[in-house]
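# Analysis of the macromolecular model
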Amino acid sequence: MPKRVDHAERRSEIAEALVRVAGRRGLHAVGMRDVAAEAGVSLRLVQYYFETKEKLLLYGLQHLAERFGERVAARSRAAGDSPGPRAVIEALLMASLPTDEESRAFHLVYTSYAVLAVTDQALAAQPFIRNPDAAEKAVAELLRQAQEADLVQPGVDIQLEAVSLLAMSAGLGISVLVGQRSPQSAAAVLNHHLDRIFQASGHGSLTQRARE
């Protein structure tokens, strides 16, 4: 009896291969033949699933966003059964820092998508910008919950801090990527600003939980 093919799994494997190659060579230099070789499949198979490089890139972007969500969820779970708003925000910010091979590839490739979207109409037409917008809304909502529970400093501008934290995380990620600073120093900067926002008695940070 012929083996049944899991098409969703096969598409994910090809998308993973795209991310790995793009992480090494840059997204602009990746061709479908390169992805096929990395995945250990034929070029014809890659073309069967995606038809064009454009469709492969679009699927790769979706796959990348899903993987990022999984990493944030894993970090949140590591904070315990009921992580507070700060722990969840910290999980989101820290997951975007290039601290290992996987997160480095994520940061490099996602940044490459952003650059390509400026000049590529097909990518620009995708809901690329919604992911940062969704993250901004999520962080603002978490800060609002913390504010209602008296966990943040008085007078904090929720929306402004949400924008600032995400922009800071993105900028720090690039500085780590190019070797300007270490992942540890970038994490220290983020924690410094979270300390500035949150009340000392209500931090509930991942760093603190790891020490307990």
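Residues numbered from 1 in each chain as written. Predicted model: local features only at pLDDT ≥ 70, side-chain atom pairs only at ≥ 80, totals over all residues. Heavy atoms only, no water.

A negative phi angle is the norm for most residues apart from glycine, just as the trans form is the norm for most peptide bonds. A positive phi is found at Glu51, a non-glycine position, where the angle reads about 65 degrees. Here Glu51 lies in the loop between helix 3 (43-50) and helix 4 (53-78). With relative accessibility at 52%, the residue Glu51 sits in the exposed group. A positive phi angle, near 60 degrees, is found at Asp150, a position not held by glycine. Among the secondary structure elements, Asp150 is positioned in the loop between helix 8 (130-148) and helix 9 (158-177). (Helix = DSSP H or I, 4+ residues; strand = E, 2+ residues; numbered from the N terminus. Buried < 20%, exposed > 50% of the residue type's maximum accessible area, 1.4 Å probe, protein only.)

In terms of nonpolar packing, the biggest core is built from 56 residues, with Ile89 and Tyr113 touching the most fellow members. Apart from residues lying up to four places away in sequence, Ile89 is in contact with Val139, Leu142, Leu143, Leu165, Leu194 and Phe198. (Core = buried A, V, L, I, M, F, W, Y, C linked by side-chain atoms within 4.5 Å. Contact = heavy atoms within 4.5 Å.)

What follows is about helix 1 (residues 7-25). Under the 1.5 Å per step criterion, the end-to-end length of helix 1 is 27 Å for 19 residues, consistent within 8% with the ideal 27 Å. On its buried face, helix 1 is in contact with helix 2 (32-39), helix 3, helix 4 and helix 6 (101-119). Capping the start of helix 1 is the job of one residue whose side-chain oxygen sits 3.2 Å from the backbone nitrogen of Ala8: Asp6. Looking one or two places after helix 1, you find Gly26, whose phi comes out positive at around 95 degrees. (Expected span 1.5 Å × (residues − 1). Polar contact = N/O pair within 3.5 Å; in protein donor to acceptor, adjacent residues only side chain to side chain.)

In this section: the environment of Val46. Inspection of the secondary structure puts Val46 in helix 3. With 32 residues separating them in the primary sequence, Val46 and Ile14 have C-alpha atoms 7.3 Å apart. The contact partners of Val46, leaving out residues within four places of it in the chain, are Ile14, Met32, Ala36, Val41, Glu51 and Leu56.

In this section: the pattern of salt bridges. Overall, the coordinates contain 11 salt bridges when judged by the stated rule. Where Glu13 meets Arg10, a salt bridge forms, and the shortest distance between an N and an O atom there is 3.6 Å. Within this pair, Glu13 and its partner Arg10 are both found in helix 1, separated by three residues, close to a single helical turn. Exposure remark for Glu13: the relative accessible area of 38% places this residue in the partly exposed category. Judged by its relative accessible area of 25%, Arg10 is partly exposed. Where Arg144 meets Glu141, a salt bridge forms, and the shortest distance between an N and an O atom there is 3.2 Å. Here Glu141 and Arg144 lie together in helix 8, a separation of three residues that amounts to about one turn. On the basis of relative accessible area, Arg144 is assigned to the partly exposed category, the value being 34%. (Salt bridge = Lys/Arg side-chain N within 4 Å of Asp/Glu carboxyl O.)

Here the focus is the confidence of the model for the protein. Here the protein shows a mean pLDDT of 84. Residues at 70 or above account for 89%. This stretch, residues 208-212, has a pLDDT under 50; its non-local contacts, to residues over four places away or in other chains, come to eight contacts. (pLDDT = per-residue confidence, 0-100.)

Helix-helix packing: each pair is described by the crossing angle between the helix axes and the interaxial distance. Packing of helix 5 (residues 85-95) against helix 10 (residues 183-197) leaves a shortest axis separation of 11 Å and a crossing angle of 150 degrees. On the basis of their axis angle, the class for helix 5 and helix 10 is roughly antiparallel. Between helix 5 and helix 10 lies a crossing of right-handed hand. Between helix 5 and helix 10, the contacting residues are Arg86, Ile89, Glu90, Leu93 and Met94 on the first element and Ala187, Leu190, Asn191, Leu194 and Asp195 on the second. Its residues assigned to classes, the contact of helix 5 with helix 10 comprises six nonpolar, one polar and three charged. (Axes fitted to C-alpha atoms, helices over the stretch in contact; angles between N-to-C directions. Parallel < 35°, antiparallel > 145°, perpendicular 65-115°, else oblique. Left-handed = near helix turned anticlockwise from the far one by under 90°. Nonpolar A, V, L, I, M, F, W, Y, C, P; charged D, E, K, R; others polar.)

Mapped onto the secondary structure, Ser103 falls in helix 6. Engagement of the side chain of Ser103 in a polar contact is seen with the backbone oxygen of Leu97, the distance being 3.3 Å. A distance of 2.8 Å separates the side chain of Ser103 from the backbone nitrogen of Thr99, its partner in a polar contact.

At a closest axis distance of 9 Å, the pairing of helix 5 and helix 9 adopts a crossing angle of 30 degrees. Judged on the interaxial angle alone, helix 9 and helix 5 are roughly parallel. Between helix 5 and helix 9, the contacting residues are Ile89, Leu92 and Leu93 on the first element and Leu165, Leu166 and Ser169 on the second. Grouping the constituent residues of the contact of helix 5 with helix 9 by class yields five nonpolar, one polar and no charged.

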